[in-house]
Amino acid sequence: MKHPLTLLALLTLAPGLAMASAEHVPLDIRHVGVGELHPTQPALGYRQMDYKQGRFAVDRKKFFDEFCETGGQGGIDQFDDASSLKDTDSFTCTDDLGSHPEDMKTAVIAPDSGVYITDGHHTFSNYLALEGPELSVPVLITHDFSDLPNMESFWAAMQDERLVWLDAPSGPITPEDLPERLGRDAQADDAYRSLVYFTRGVGYEKPDTPPPFLEFYWGQWLAGQLPLEALDLTTLEGYTEAVTQAATLMVEVPADTVIADTATGSLTAQEMGQLPAFNDQELEKLLSERGKLTYAFSVEK
């Protein structure tokens with residue numbers, strides 16, 4: 001197998017050293033139609049997607065900002081009412097493509113020449129829903145497995161590298177059970193995945209070098225602590241209570257409790273970003289006029 005880019009290793013170094021080293025590493029950036037991307041996880045957090053789509057509906061600048069970030073281009077510089085993500089000449093980002101590779105969504109190349117994303121499932125699924133499958137998006141290739149003999153060996157390598165998540169809301173799956181494409185019509189809803197997203201800043205902070213599928217690991221742990229049957233996730237009031245309960249569990253669990261078994265070893269709650277105390281101010285921000293939960297419950301079903 002070919003590894004043309006060692007960015008993942010670079011990002012485990014001190015940030016300054018990582019960026020200095022990355023300047024000398026040729027980036028493998030490819031543009032792919034979002035409808036051609038293959039997922040490496042069976043589910044999405046639908047409520048998390050609701051937040052972004054709710055915000056994009058009233059904050060067009062955020063929509064373009066996120067697209068620029070996806071390309072490692074900082075934020076949006078100039079755009080107008082006629083600008084479209086499908087016409088990259090109609091807007092400009094603050095920086096050139098790949099200037100901030102640490103912000104880009106990652107993917108690998110399979111023996112069948114397919115592009116399998118290892119980060120950005122929610123972002124790209126939102127683009128798919130809002131712009132359609134033809135939208136061209138940039139992805140940063142971290143592993144090229146195209147010289148492996150078959151897809152069986154590809155999936156074995158993906159599991160060895162912990163670059164695939166094979167735990168669906170209904171239980172464990174095999175690589176053959178993964179959906180062929182992104183989006184709500186193909187990927188299941190994982191309520192815990194959304195719940196963990198909204199507890200960020202309230203019960204945990206994303207570590208500087210998070211493991212792949214960090215939110216799924218936390219969600220897997222929460223599933224053993226907080227049964228969905230005891231929660232009301234259909235109303236803003238009920239969801240706020242669910243976030244409160246989840247974040248409380250996250251800050252109160254002993255710091256040395258193992259939460260994730262990753263490719264680099266077991267990670268404890270503290271290593272997974274556990275906060276020392278429940279952050280009431282961040283919870284209030286979720287419910288503010290421009291808060292994430294406010295936007296998430298503004299989307300019409």
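Everything discussed here concerns the structure shown above.
A brief look at the structure comes next. None of the values given here were measured: they were computed from a predicted structure.

Rules behind the numbers
Residues numbered from 1 in each chain as written. Predicted model: local features only at pLDDT ≥ 70, side-chain atom pairs only at ≥ 80, totals over all residues. Heavy atoms only, no water. Helix = DSSP H or I, 4+ residues; strand = E, 2+ residues; numbered from the N terminus. Buried < 20%, exposed > 50% of the residue type's maximum accessible area, 1.4 Å probe, protein only. Phe/Tyr/Trp six-rings, centres within 6.5 Å; stacked < 30°, edge-to-face > 60°. Disulfide = S-S within 2.5 Å.

## Looking at unusual backbone geometry
- A positive phi is found at Arg162, a non-glycine position, where the angle reads about 55 degrees.
- Within the secondary structure, Arg162 sits in the loop between α6 (151-160) and β8 (167-168).
- For Arg162, a relative accessible area of 29% gives the class partly exposed.
- The phi torsion at Phe213 lies on the positive side, around 65 degrees, for a residue other than glycine.
- Residue placement: Phe213 occurs in the loop between α7 (191-199) and α8 (214-223).

## Here we look at the packing of aromatic side chains
- Counted according to the given criterion, the structure contains 23 aromatic pairs.
- Relative to Phe91, the ring of Phe64 has its centre 5.2 Å away and its plane inclined at 70 degrees; by these criteria the two rings are edge-to-face. Taken together, the residues Phe64 in helix α4 (residues 60-70) and Phe91 in the loop between β3 (76-78) and β4 (92-93) connect sequence positions 27 residues apart.
- Accessibility expressed as a relative area gives 2% for Phe64, which makes it buried.
- By relative accessible area, Phe91 is classed as buried at 5%.
- When the centroid spacing of 5.7 Å and the interplanar angle of 80 degrees are considered together, the rings of Trp218 and Trp221 count as edge-to-face.

## Digging into the state of the cysteines
- Following the criterion strictly, the structure yields one disulfide and no others.
- Across the disulfide from Cys68 sits Cys93; the S-S distance is 2.1 Å. Between Cys68 and Cys93, the disulfide has an S-S torsion of -80 degrees and is therefore left-handed. Pair noted here: Cys68 is in helix α4 and Cys93 is in strand β4, with a separation of 25 residues, a long-range link.
- Assessed through its relative accessible area of 0%, Cys68 is described here as buried.

Interpretation in functional terms is not warranted from these geometric data alone.
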